[in-house]
Amino acid sequence: MTFWLVQTLNGISFGMLLFLLAAGLSLIYGLMRVLNLAHGSFYLLGGYIGLAIIHLTGSFILAVLGASLTIAVVGSVMERFFLRRLYLKELPQALLTFGFLFIFSDLATVIWGRNPEIIPKPSMFSASLQLGAFYYPSYRLFIIAFGLVIAGFLWWLQEGTQAGAMLRASVDDEEVARALGINVSLLFTLVFALGAFLAALGGVMGGPIVGVYPGADFEVLLLGFVVVIIGGLGSLKGALIGGLAVGLLDNFGKVFFPELALFTIFAPMALILAIRPAGLFGRE
Amino acid sequence: MRHFSAIAVAGLAVLGSLMQPASSQEPIKIGVMFPLTGPVAAQGAPERDAVKQAFEEESNTVAGRKIELLYEDSMGKPDIGLTKTKALVERDKVNLLLSELVSSVGAAMAPYVNEQKIPWISTVALASLTRAEKSPYIFRFVPSSYQFGLVAAKITKQMNWKKAYFIGWNAPPSREAFEVVKKVYGEENVLEPMFPNVGTPDYAPYLTKMDAKADGIFAAMWGSDSSRITQQYTEYGLNKKMPLFGIASFTSEEVLGNMPPDAVGVMSAYTYCGTLDTPENKQFVDGYKARYNAVPGSYQYMGYMAAKMVIQALKDVKGQVEDKDAFIAALSKVQVKGPMGMASFDEHHGMVADFYKLTVEKGKDGRLQNRCGERIAQVKDPYDMFP
């Protein structure tokens, strides 16, 4: 019993990290039709900047805020000065964001070197809880709660605020939204910044579990894509369900078929692509 | 006339005596190639620094001849490593190579080195270079995976382990180490061997499976993964149930900086222990610190020792490195007392050296360090056990 509980919690906590990453990827695509390959860089740079802030100030909360806001600024600059020129041109967009992925990856190596780093956990969550014969790290429970709060917040933002209504209107029909006086260009920049913010948040929050290291940008990008393919591009609900699904699949896959670790993620993905090409919650 | 010929004879004699040492006054050229940029630069550059240190300790002069080190950067890539090696041999005419730690680069260099018949002392992990593809020209000062697997199995057996879990990368070194552990322990005593991928972000699913009674866990993964699995091992309370025993450089000095504070008590067995109290190690560590302001780890040790072996062999042949056969014969039977004790090469030119049990502890400055435990003297690659 505890075995299943622990494994399920593991899967959900990893899934929440994936949700943070995929939510931005999905939002950006849903609104702007931009497949942002540099999204993995936002995650990695967020982790490194968070680590630098922790070394400087010792505060985890400052690290989370500082890193996410910095990356949000980086993201909005990238959107405003580069991506905007290539609006709806898919191939140039892909190449541009791919280029950014490499530039950021090398930049991170130049600044922070190649040694793997682990972000220290906030002292509040450094202990483990005892569940019967098992111990469970309280930080992972915190990640689950945090992920749910973020999901709730995004939901509210999208469904319950005027900005959300403008966003949904622009997703549905951008031209009419413009005609109605919605500043779609500003919305693009803000959504891109929000996506970058969420990815960096994932980088700092995930830092105490998986660490920050060269190559993490490519690894999480791959997982992020699997999540949005399963959940459906452009859907927040899809990002959450997809994230949890991939987190659980990955975890139980490793437990029961340790040698087939990646297969247990990619096989369901291929299956979903075959049956529902737009993903579980995606729209055609 | 007689006078003149006497002067001529004297002159010739002087000339001759000048010419004799002149040839041996020419510097000995050594090609030193390591990955200085790219993914393995964090290991390659410090190792190159340690090679440099070893020659500086001899004032860059061995047996009366100047030593000239020619540096190249392989970038950890086989094609580039091979090209740079060719440049060292054909353009710079080096006398020998003291190069490389990346297996794929080593595999690319081996056929060329054999064709050129140039002595090559490496720290390439690729064990086949001193096994199936052994060659008179290739020497390796680095343990093979069978060698460090054997040491881990032996030391834990001395600690009375009977049953253990095994988790390692799905890669040749950890698979080979597992074969040795399985042979020493018996297949039924190694519980649920698991081989996740290199760079697995989260080891928790594997660790939480380990709920049977066992004497400990063997872990064979390196770099960022060894600090990650250690952290997750303590987070899930496994440290309260059974000890973690890392294979090879699992707790090496370069990863200790990233280990969580709870790593105290994690063990491993390897060929270098930073805190070992010998005059040779003091000279090595202090010299490295003074030069580069960092604590050396196992990569630096192997580079330093490879250079020491070369230096001693050059002394044994009185600097006559041009006589290749004599130099190779000298290298084959060279004995060096290094920071960790006596070291030599075996009949396949693999390394023979002392290994130590390492236990992570908190040092006086609050940082993690290795405590040196039992020594296993003169460990040789078990060729007879795993041909």
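Scroll up for the structure.
Residues numbered from 1 in each chain as written. Chains lettered and ligands numbered in written order. Predicted model: local features only at pLDDT ≥ 70, side-chain atom pairs only at ≥ 80, totals over all residues. Heavy atoms only, no water.

**Regarding the overall build of chain B**
Summing up its helical and strand segments, chain B has 12 helices and 15 strands in all. Against the globule reference of 21 Å for 387 residues, chain B gives a C-alpha radius of gyration of 23 Å, in line with a compact fold. Overall, chain B is about 100 × 45 × 35 Å in size when its C-alpha atoms are taken along their principal axes. Across the 387 residues in chain B, those meeting the buried criterion constitute 58%. If you take every contact in chain B between residues at least 6 apart in sequence, the share linking residues at least 24 apart comes to 69%. Accessible area for chain B stands at about 15300 Å²; split by element, carbon and sulfur atoms hold 55% of it. Across chain B, the 43 positively charged side chains and the 43 negatively charged ones have centroids separated by 2 Å. (Helix = DSSP H or I, 4+ residues; strand = E, 2+ residues; numbered from the N terminus. Rg over C-alpha atoms; globule rule 2.2 N^0.38 Å. Buried < 20%, exposed > 50% of the residue type's maximum accessible area, 1.4 Å probe, protein only. Contact = heavy atoms within 4.5 Å. Areas by Shrake-Rupley, 256 points an atom, 1.4 Å probe, with all protein chains shown as cover. Lys, Arg positive; Asp, Glu negative; His and termini not counted. Charge placed at Lys NZ, Arg CZ, Asp CG, Glu CD.)

**Some words on the state of the cysteines**
All names here are of chain B. Using the criterion set out here, one finds 1 disulfide over all chains in the structure. Between the sulfur atoms of Cys273 and its disulfide mate Cys372 the distance is 2.1 Å. Handedness of the Cys273-Cys372 disulfide follows from its S-S torsion of about -90°: it is left-handed. With a gap of 99 residues between them, Cys273 in the loop between strand 11 (267-270) and helix 10 (279-292) and Cys372 in strand 15 (residues 368-379) connect regions that are remote in the sequence. What makes Cys372 partly exposed here is its relative accessible area of 22%. (Disulfide = S-S within 2.5 Å.)

**Considering the sheet that holds strand 4 (residues 96-99) of chain B**
All names here are of chain B. Within the open sheet, the 6 strands sit side by side as 2-3-1-4-5-6. Their pairing is mixed. The strands lining the two open edges of the sheet, one partner per strand, are strand 2 (61-62) and strand 6 (138-140). As paired elements, strand 4 and strand 5 (residues 120-122) share 3 bridges and run parallel to each other. Bridge pairing in strand 5 places Leu98 opposite Ile121. Of the strands in this sheet, strand 1 (28-34), strand 3 (65-73) and strand 4 touch helix 2 (residues 41-56), which is tilted by about 160° from strand 1. (Pairing = 2+ DSSP bridges. Axes fitted to C-alpha atoms, helices over the stretch in contact; angles between N-to-C directions.)

**A short note on the interface of chain B and chain A**
Note: interface size is frequently given as the accessible area lost on complex formation between the parts. Across the boundary between the two partners, chain B contributes 29 residues, which contact 30 residues of chain A. Interface area lost by chain B to chain A is led by Glu235, Tyr236 and Asn258 of chain B, which between them contribute 22%. For the pair chain B and chain A, the number of links is 3 salt bridges. Note that Lys121 of chain A is salt-bridged to Glu235 of chain B, the shortest N-O span being 2.8 Å. (Buried area = accessible area lost by both parts, 1.4 Å probe. Salt bridge = Lys/Arg side-chain N within 4 Å of Asp/Glu carboxyl O.)

**Side note on helix 4 (residues 103-116) of chain B**
Residues that lie three or four places apart on an α-helix share one face, since the helix turns once every 3.6 residues. All names here are of chain B. Along its 14 residues, helix 4 runs 20 Å from first to last C-alpha, staying within 8% of the 20 Å computed at 1.5 Å per residue. Largest kink in helix 4: about 35°, centred on Met109, with the proline Pro111 one to four residues after it. The set of residues buried in helix 4 consists of Val105, Gly106, Met109, Ala110, Tyr112 and Val113. Tucked into the core, helix 4 has its buried residues touching strand 1, helix 3 (78-91), strand 4, strand 5 and strand 6. Trailing helix 4 by a residue or two, Lys117 shows a phi angle of about 50°, which is positive. (Expected span 1.5 Å × (residues − 1). Bend = angle between axes of the 7 residues up to and from the residue.)

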